[in-house]
Amino acid sequence: MDIFEKLLKHMGPIGEHSDRAHGYFAFPKLEGEIGPRMNFRGKEKIVWSLNNYLGLANHPEVRSTDAKAAADYGLAAPMGARMMSGNTNYHEQLEKELSEYMQKEDTTLLNYGYQGIMSAIDAVCNRRDVIVYDAECHASIIDGLRLHQGHRYVFKHNDVDDCEKQLKRAVELIKTTGGGILVVTEGVFGMAGDQGKLKEIAALKDKYEFRFLVDDAHGFGTMGKTGAGTGEEQGVQDKIDLLFNTFAKSGASIGAFMSGDKAIINYLRYNMRSQIFAKSIPLPIVIGHLKRVQLMRQHPEMKEKLWSNVNKLQQGLRERGFNIGKTNSPVTPIYLQGDIPEATAMCLDLRENYNIFCSIVVYPVIPKGQIIYRLIPTAAHSDEDIALTLKAFTETKEKLDQKAYAVAEIPMV
């Protein structure tokens, strides 16, 4: 068989809808300045799909810094991987400031978060080691686990008892392999919005020997007294051995970083294949990151405004009888019942008749018959944005319950 033939026969569970979904439900084009109101197909929408938590994307100091750095250095500098020819004082300054912010000894920058955390897992663990991880870890972590040639044990989502059960299995196994144990979870789970059980898992260190890796992509800038993340929020920042964060959410940019003990970060710096064999982060992005970190640390009112909006939105949804699960972060899921055509018909109504743009999640990401709308409140949203959105969801949920969206297939738009 031609290897491409099977791809064309089976486009995948999401790809099979591409003829109807592309350009609207999938790969939509939001236009205009990044913010709570943007244009979609020529009409202004209230947007709840952007992880611009602190509203930094269009902060005047951020825009000015980004523009000046691009004019000064262009996007080429520095050329090459950092190990060979791509290191600068700015890169090292950013790592130093991030280490101080994260309350860790050292930090190494990652050009992309997805491949960075995959590469870190690959560098830390060999075939003798065992990885114990939460069932709902991000796809980047799962792909990192796929690179692992040793054993891995999954524990039920946020189930500390099951985590301990898997740790016991791991302890027994390494008696024969001679390896170690890495436990992996998230600070904030990006789909459901619930915090990982960092405090409880860290407490298991009193009984078992393991190292603790936390992906805090959604916690950086949003959680904790200073915005240092979910570890700070739960009082266990010092118990996290490897702390992964990204600039793609609160930082409103691209790239990521890993923080931890100096000796271990230095090991990663010299052994992560995704960084050794890839180009360094361009200087305009690094200089822009420095400005973003400065604003995060010096302006706590941004995080306070974010949480004011989070509480208004989530309280309003709960008061109206919506199921938003166990979220205790800005991530705001709305759980509804319906099939894929119903979900897309409701989404179409929200966008076209209520001017609300938010992301829908359906099978195979979640079980069949379920719909999740994931809303991301930001510091830039207004009370009017929240009020109009609550009204829109109240009315469209009534229509969903009355089967007004019962259609045979995904609408063509």
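Nothing here was measured: the structure is a model prediction, and the numbers come from that model. (Residues numbered from 1 in each chain as written. Predicted model: local features only at pLDDT ≥ 70, side-chain atom pairs only at ≥ 80, totals over all residues. Heavy atoms only, no water.)

With respect to the overall build of the protein
So the rule is basically this: Labels follow the DSSP assignment, with helices taken as runs of H or I lasting at least four residues and strands as runs of E lasting at least two, numbered in each case from the N terminus. Radius of gyration: over C-alpha atoms. The globule rule applied is 2.2 Å multiplied by the number of residues raised to the 0.38 power. Each residue is assigned to one of three classes by its accessible area relative to the maximum for its type, calculated with a 1.4 Å probe on protein chains only: buried under 20%, partly exposed between the two thresholds, exposed over 50%. Throughout, a residue-residue contact means that at least one pair of heavy atoms, one from each residue, lies within 4.5 Å. The protein chains shown are the only cover counted for residues, whose accessible areas, like all others here, come from Shrake-Rupley with a 1.4 Å probe. Asp and Glu count as negative and Lys and Arg as positive, but His and the ends of the chain are not part of the count. For charged residues, the charge sits on one atom: NZ in Lys, CZ in Arg, CG in Asp, CD in Glu.
A tally of regular secondary structure across the protein gives 15 helices and 14 strands. Its C-alpha atoms give the protein a radius of gyration of 22 Å, within 12% of the compact-globule value 22 Å for 413 residues. Structurally, the protein occupies a C-alpha span of about 60 × 55 × 50 Å along its principal axes. Split into buried and exposed, the 413 residues of the protein put 52% on the buried side. Within the protein, counting contacts between residues at least 6 apart in sequence, those at least 24 apart form 70% of the total. For the protein, the exposed area adds up to about 19,200 Å²; of that, 52% sits on carbon and sulfur atoms. Treating the 50 positive side-chain charges of the protein as one cloud and the 52 negative ones as another, the clouds have centres 2 Å apart.

Quick look at the domain arrangement of the protein
Note the threshold: In this document the domain limits rely on a domain assignment from an automatic tool or a database. Within this document, salt bridges are pairs made up of a side-chain nitrogen of Lys or Arg and a carboxyl oxygen of Asp or Glu, the two lying within 4 Å of each other.
With domains assigned, the protein is organised as domain 1 (3-53 + 300-402) and domain 2 (60-298). Between domain 1 and domain 2, the C-alpha centre-to-centre distance is 27 Å. Listed by partner, the interface residues are 20 residues for domain 1 and 23 residues for domain 2. Our enumeration of links across domain 1 and domain 2 arrives at one salt bridge. Notably, a salt bridge pairs R63 with E33, separated by 2.7 Å at the nearest N-O pair.

Regarding the environment of S274
Here is the rule we go by: Here a polar contact is recorded for every N or O atom pair within 3.5 Å, except that within protein the pair must consist of a potential hydrogen donor and a potential acceptor, and residues adjacent in sequence are included only if both atoms are side-chain atoms.
Considering the arrangement of structural elements, one finds S274 in helix α11 (residues 273-276). Judged by relative accessible area, S274 falls into the buried class, the value being 13%. Distance in space between the C-alpha atoms of S274 and M118 is 8.5 Å, their sequence separation being 156 residues. If sequence neighbours within four positions are ignored, S274 has contacts with N111, Q115, G116 and S119. Within the local environment of S274, its side chain forms a polar contact with the side chain of Q275, the two groups lying 2.9 Å apart.

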